[in-house]
Amino acid sequence: MLKTRYTIAYVALMTLVVVASNFLVQFPLNAEVAGINLADILTWGAFSYPIAFLITDLTNRQFGPKAARKVVFAGFVVGVTLSFFTSVPRIAIASGSAYLAGQLLDIAVFNRLRRQAWWRAPLVGSLIGSALDTVMFFSLSFAAFFVFLGPNDPFALEAAPILGVFATEAPRWISWAIGDFGVKMIVGLVMLLPYGALMNVLRPTQAARAS
């Protein structure tokens, strides 16, 4: 019964994060740092989405990988459904595929490292999962090779200085991906604080210890 209540809570939190991220991705971050116009490479969604990894890791720690996968799949259903209503099919496919692959990789890495230093499993799992999520989402969404998923975005494919400041040029979506992953790394480090604070409250169950 306790597991059911906690699982419902984790699913609700994951749903909230997915919905919030889908909404916040529409709003650029209007600021400038070191000559970089952040509005060109970041949206507010980049800050909210990494919280999904915290939810997955807390579920994994407390109840094990099986329960964590259930929470991830619930978020996947919500995310894909919302994406098809709020964006073009290509973005919806990219978003759902990247989310599912990144979260499942995080679960696998976390489970392998769960008996090491307390910070290692959530940090390494979220960073590796975020890297896969970023590569998949931006490639599937904007790379010319994946045109079979939907029309290419000419603006995303235009050559531009990387991050708007380097001499080397690349398709604009490359800068978007770099900026997005940079934020995910920072937020992943910050998420260690609530994870560490909740460790003594959300103790592993027998199923989690046996995994």
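As the structure is a computational prediction, the values presented were derived from the model and not from experiment.

*Asks:* Go over the overall build of the protein with me, naming the residues and quoting the values.
*Replies:* For the protein, the count of helices and strands is ten helices and four strands. Beginning at the N terminus, the succession of helices and strands in the protein can be written as α-β-β-α-α-α-α-α-α-β-β-α-α-α. A compact globule built from 211 residues would reach a C-alpha radius of gyration of about 17 Å, and the protein, at 18 Å, matches this within 12%. Taken along the three principal axes of its C-alpha coordinates, the protein extends 55 × 35 × 25 Å. Looking at the 211 residues of the protein, the share that counts as buried comes to 45%. Of the contacts made within the protein by residues no fewer than 6 positions apart, 69% connect residues no fewer than 24 positions apart. Roughly 10,700 Å² of accessible area belongs to the protein as shown, and the carbon and sulfur atoms make up 72% of that amount. Charge centroids of the protein, computed over 15 positive and 9 negative side chains, lie 26 Å from each other.

*Asks:* Residue-level account of the UniProt feature "transmembrane region" (unreviewed entry) in the protein, with values.
*Replies:* Here, the residues flagged by UniProt with the feature "transmembrane region" (unreviewed entry) are residues 7–27, 33–55, 67–85, 91–111, 123–149 and 181–202. Secondary structure over residues 67–85 splits into 100% helix and 0% strand, and the C-alpha atoms at its two ends are 28 Å apart. For residues 123–149, the helix share is 74%, the strand share is 0%, and the end-to-end C-alpha distance is 32 Å.

*Asks:* Would you mind going over the packing of helix 6 (residues 120–142) against helix 8 (residues 172–190) in detail, with residue names and values included?
*Replies:* At a minimum axis separation of 10 Å, helix 6 and helix 8 run at an interaxial angle of 160 degrees. One way to sum up the angle between helix 6 and helix 8 is to call them roughly antiparallel. For the pair helix 6 and helix 8, the sense of crossing is right-handed. Note on element contacts: helix 8 touches helix 6 through W173, W176, A177, D180, F181, K184, M185, G188 and L189, opposite L123, S126, L127, S130, A131, D133, T134, F138, S139 and F142. Classifying every residue of the contact of helix 6 with helix 8 gives eleven nonpolar, five polar and three charged.

*Asks:* Break down helix 4 (residues 65–86) for me, with residues and values.
*Replies:* Taking 1.5 Å as the rise per residue, helix 4 with 22 residues should run 32 Å; its terminal C-alpha atoms sit 31 Å apart, in good agreement. For helix 4, the complete set of buried residues consists of P65, A67, A68, V71, V72, G75, G79, V80 and S83.

*Asks:* How would you sum up the side chain of D106? Please name residues and give values.
*Replies:* If you trace the backbone, D106 turns up in helix 5 (residues 89–113). Of the side chains with opposite charge, R114 lies nearest to the buried D106, which makes no salt bridge, at 10 Å.

*Asks:* Quick one: what's the story with unusual backbone geometry, residue by residue and with numbers?
*Replies:* Non-glycine residue L163 carries a positive phi angle of around 60 degrees. Within the element layout of this structure, L163 appears in the loop between strand 3 (159–161) and strand 4 (169–171).

*Asks:* So what about the environment of S97? Which residues, and what values?
*Replies:* Position of S97 among the secondary structure elements: in helix 5. Owing to a relative accessible area of 28%, S97 belongs among the partly exposed residues under this scheme. For the pair S97 and V11, spaced 86 residues apart in sequence, the C-alpha separation works out to 19 Å. Residue contacts for S97: discarding those within four places in its chain leaves M136 and L140. Of note is the side chain of S97, whose polar atom sits 2.8 Å from the backbone oxygen of I93.

*Asks:* Explain a nonpolar patch on the surface to me, and be specific about the residues and the numbers.
*Replies:* Where nonpolar side chains cluster on the molecular surface, the patch consists of F23, F27, W44 and F47 and spans about 400 Å² of accessible area. Within the secondary structure, W44 is located in the loop between strand 2 (36–37) and helix 2 (45–48). In this structure W44 comes out as partly exposed when scored by relative accessible area, which is 41%.

Definitions and cut-offs
Sequence positions are assigned chain by chain, starting from 1 and proceeding in written order. Totals for whole chains, interfaces and linings use every residue, but because this is a predicted model, local features are given only for residues with pLDDT of at least 70 and side-chain atom pairs only at 80 or more, for both listing and counting. The side-chain numbers reported here are obtained from all heavy atoms of the structure, hydrogens and water having been left aside. Helix and strand definitions here come from DSSP, where helices need a minimum of 4 consecutive H or I residues and strands a minimum of 2 consecutive E residues; each element is numbered from the N-terminal end. The size measure is the radius of gyration over C-alpha atoms, and the globule rule it meets is 2.2 Å times the number of residues to the 0.38 power. Burial classes: relative accessible area under 20% of the type maximum marks a residue as buried, over 50% as exposed, and values in between as partly exposed (1.4 Å probe, protein chains only). Contacts are assigned to residue pairs with any non-hydrogen atoms lying within 4.5 Å of each other. Throughout, the Shrake-Rupley method with a 1.4 Å probe supplies accessible areas, and for residues the shown protein chains are the sole cover considered. Counting rule for charge: Lys and Arg are taken as positive, Asp and Glu as negative, and neither His nor the chain ends is counted. To locate a charge, the coordinates of NZ of Lys, CZ of Arg, CG of Asp or CD of Glu are taken. UniProt positions are given in the numbering used here, feature names are shortened, and annotations may be inferred rather than shown by experiment. Inter-axis angles, ranging from 0 to 180 degrees, are taken between N-to-C directions of lines fitted to C-alpha atoms, where helices are fitted over the stretch in contact. By definition in this entry, angles of less than 35 degrees are roughly parallel, angles greater than 145 are roughly antiparallel, angles of 65 to 115 are roughly perpendicular, and the rest are oblique. Each helix crossing is assigned a hand: it is left-handed if the near helix lies turned anticlockwise from the far helix by less than a right angle, otherwise right-handed if that turn is clockwise. The nonpolar class holds Ala, Val, Leu, Ile, Met, Phe, Trp, Tyr, Cys and Pro. Asp, Glu, Lys and Arg form the charged class, and all remaining residues, Gly among them, are polar. Expected span of a helix: the number of residues minus one, times 1.5 Å. Whenever Lys or Arg places a side-chain nitrogen within 4 Å of a carboxyl oxygen from Asp or Glu, that contact is recorded as a salt bridge. Under this definition, polar contacts are N or O atom pairs within 3.5 Å; protein pairs additionally need one hydrogen-donor-capable and one acceptor-capable atom, and for neighbouring residues in sequence, both atoms have to be side-chain atoms. Exposure above 30% relative accessible area and the absence of a salt bridge qualify a residue for a patch, where like charges join within 9 Å and nonpolar side chains (Val, Leu, Ile, Met, Phe, Trp, Tyr) within 5 Å.

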